[in-house]
Amino acid sequence: MGMLLKVDRNLAGRDFVVGDVHGHLQQLHEQLQEVAFNPSHDRLFCLGDLVDRGPDSKALLALIDQKTYFSILGNHEAMMIAGFENPETVPRHRANGGEWIYKLAPAQRQHLVSQIRHWPWAIELDTGGRKVGLIHANVLGGSWPRTLRALATIEEAWSAGASLEEDERVASIAEQFLWDRSLASRLYRRVLEMGEAKRTLAEYKRLFLERLDTLDQAEPKALASFQIDGIDALYLGHNFVPTPVTVGNCHFLDTYRGEEGEQLALVCVNESPRIMESHT
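Before going into details, it helps to say that this report is about the structure given with it.

Another aspect to go through is the overall build of the protein. A tally of helices and strands in the protein yields eleven helices and ten strands. Relative to the compact-globule value of 19 Å for 280 residues, the protein shows a C-alpha radius of gyration of 18 Å, a close match. Projecting the C-alpha coordinates of the protein onto the three principal axes gives extents of approximately 50 × 50 × 40 Å. Here the protein holds 280 residues, and the buried ones make up 54% of them. Long-range pairs, those at least 24 residues apart, make up 72% of the contacts in the protein with a sequence separation of at least 6. Element-wise, carbon and sulfur atoms account for 48% of the exposed surface of the protein, whose accessible area totals about 13,000 Å². The centroid of the 29 positive side-chain charges in the protein is displaced by 2 Å from the centroid of its 39 negative side-chain charges.

Let's shift gears to helix H6 (residues 144–159). Think of an α-helix as turning once every 3.6 residues; residues three or four places apart then point the same way. Between its terminal C-alpha atoms H6 stretches 22 Å, which fits the 22 Å expected from 16 residues at 1.5 Å a residue. The largest bend in H6 is about 35 degrees, located at Thr 153. Among the residues making up H6, those that are buried are Trp 144, Thr 147, Leu 148, Ala 150, Leu 151, Ile 154, Ala 157 and Trp 158. Just downstream of H6 lies Gly 161, where phi reads positive at about 100 degrees.

For the rest of this paragraph, the subject is the packing of helix H3 (residues 75–85) against helix H5 (residues 106–117). To characterise two packed helices, one gives the angle between the axes of the helices and the distance between these axes. For the pair H3 and H5, interaxial distance at closest approach is 10 Å and the crossing angle is 135 degrees. Between H3 and H5, the angle falls in the class oblique. In this structure, H3 meets H5 at a crossing whose hand is left-handed. For the pair formed by H3 and H5, the contact residues are Glu 77, Met 80, Ile 81, Gly 83, Phe 84 and Glu 85 on the first element and Pro 106, Arg 109, Gln 110, Leu 112, Val 113, Ile 116 and Arg 117 on the second. A per-class count over the contact of H3 with H5 returns seven nonpolar, two polar and four charged.

Here His 251 shows up in strand E9 (residues 250–254). At 2.9 Å, the side chain of His 251 forms a polar contact with the side chain of Thr 246. Contacts of His 251, omitting those with residues within four sequence positions, involve Ala 233, Leu 234, Tyr 235, Leu 236, Val 245 and Thr 246.

Moving on, we come to the pairing of strand E7 (residues 233–240). Here E7 lies mainly inside the structure; eight of its eight residues are buried. Bridge count between strand E6 (residues 131–135) and E7: four bridges; the pairing is parallel. Each bridged residue has a counterpart across the sheet, and for Val 132 the counterpart in E7 is Ala 233. Relative to E9, E7 runs parallel, the two sharing four bridges. Each bridged residue has a counterpart across the sheet, and for Leu 236 the counterpart in E9 is Phe 252.

Thresholds applied
Residues numbered from 1 in each chain as written. Predicted model: local features only at pLDDT ≥ 70, side-chain atom pairs only at ≥ 80, totals over all residues. Heavy atoms only, no water. Helix = DSSP H or I, 4+ residues; strand = E, 2+ residues; numbered from the N terminus. Rg over C-alpha atoms; globule rule 2.2 N^0.38 Å. Buried < 20%, exposed > 50% of the residue type's maximum accessible area, 1.4 Å probe, protein only. Contact = heavy atoms within 4.5 Å. Areas by Shrake-Rupley, 256 points an atom, 1.4 Å probe, with all protein chains shown as cover. Lys, Arg positive; Asp, Glu negative; His and termini not counted. Charge placed at Lys NZ, Arg CZ, Asp CG, Glu CD. Expected span 1.5 Å × (residues − 1). Bend = angle between axes of the 7 residues up to and from the residue. Axes fitted to C-alpha atoms, helices over the stretch in contact; angles between N-to-C directions. Parallel < 35°, antiparallel > 145°, perpendicular 65-115°, else oblique. Left-handed = near helix turned anticlockwise from the far one by under 90°. Nonpolar A, V, L, I, M, F, W, Y, C, P; charged D, E, K, R; others polar. Polar contact = N/O pair within 3.5 Å; in protein donor to acceptor, adjacent residues only side chain to side chain. Pairing = 2+ DSSP bridges.

Dropping the structure here:
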């Protein structure tokens, strides 16, 4: 499997995209039950960061088959890979919820790292009339085609086992696509005008929701960077938002931190022919 996975239209059921799950498998199961998710014809697309913080990281990795349950690579999976391949990076991963994997036997760790090393960094999904892009953190220069070209430049090296830490090209592109927060920062600071002050999670949630209505009054110039070229809709995780937010054609879906009352952002991105026929 390459850096980009292109997925054809689902002719039998629905396609859902979910934000960062972070080990919370039970929460995911509950919400899939609420939408009557049926794996015989529905599909789930995860935006990376399935692991760390929650109790079920290993089980979530086992769920991904890239046929019914898809995922792209997130920065937490990248920390997991780096921690296995370069012990110097282990403290950073442990500090970000990765302690669970260092309790496993080396052979188990190797198996899991080998698995996620084959995950795509981006998915392009045909939803029937729309082309949808999935990436964890950000794209290059506001352009989906430029992003895909950048991924193509490291595909051979990554497939050959290039290091996330030591290969400069791989490290640079990983920083952009798996870690970068500049697009979300523009949303927080320039569009919602939340300022630079550090806040508790509760304070951040309150202010974000208070200012959400200002999106309707935002100047077109302030929103221009959220209109990504070459794709109809872009879905992103990585940057916490208290509720799913759409700005331009960007959809921010990282809504869950395991706090009471929170929900994973789980959105249907297509209407299957089967469903459409039942309405006619």
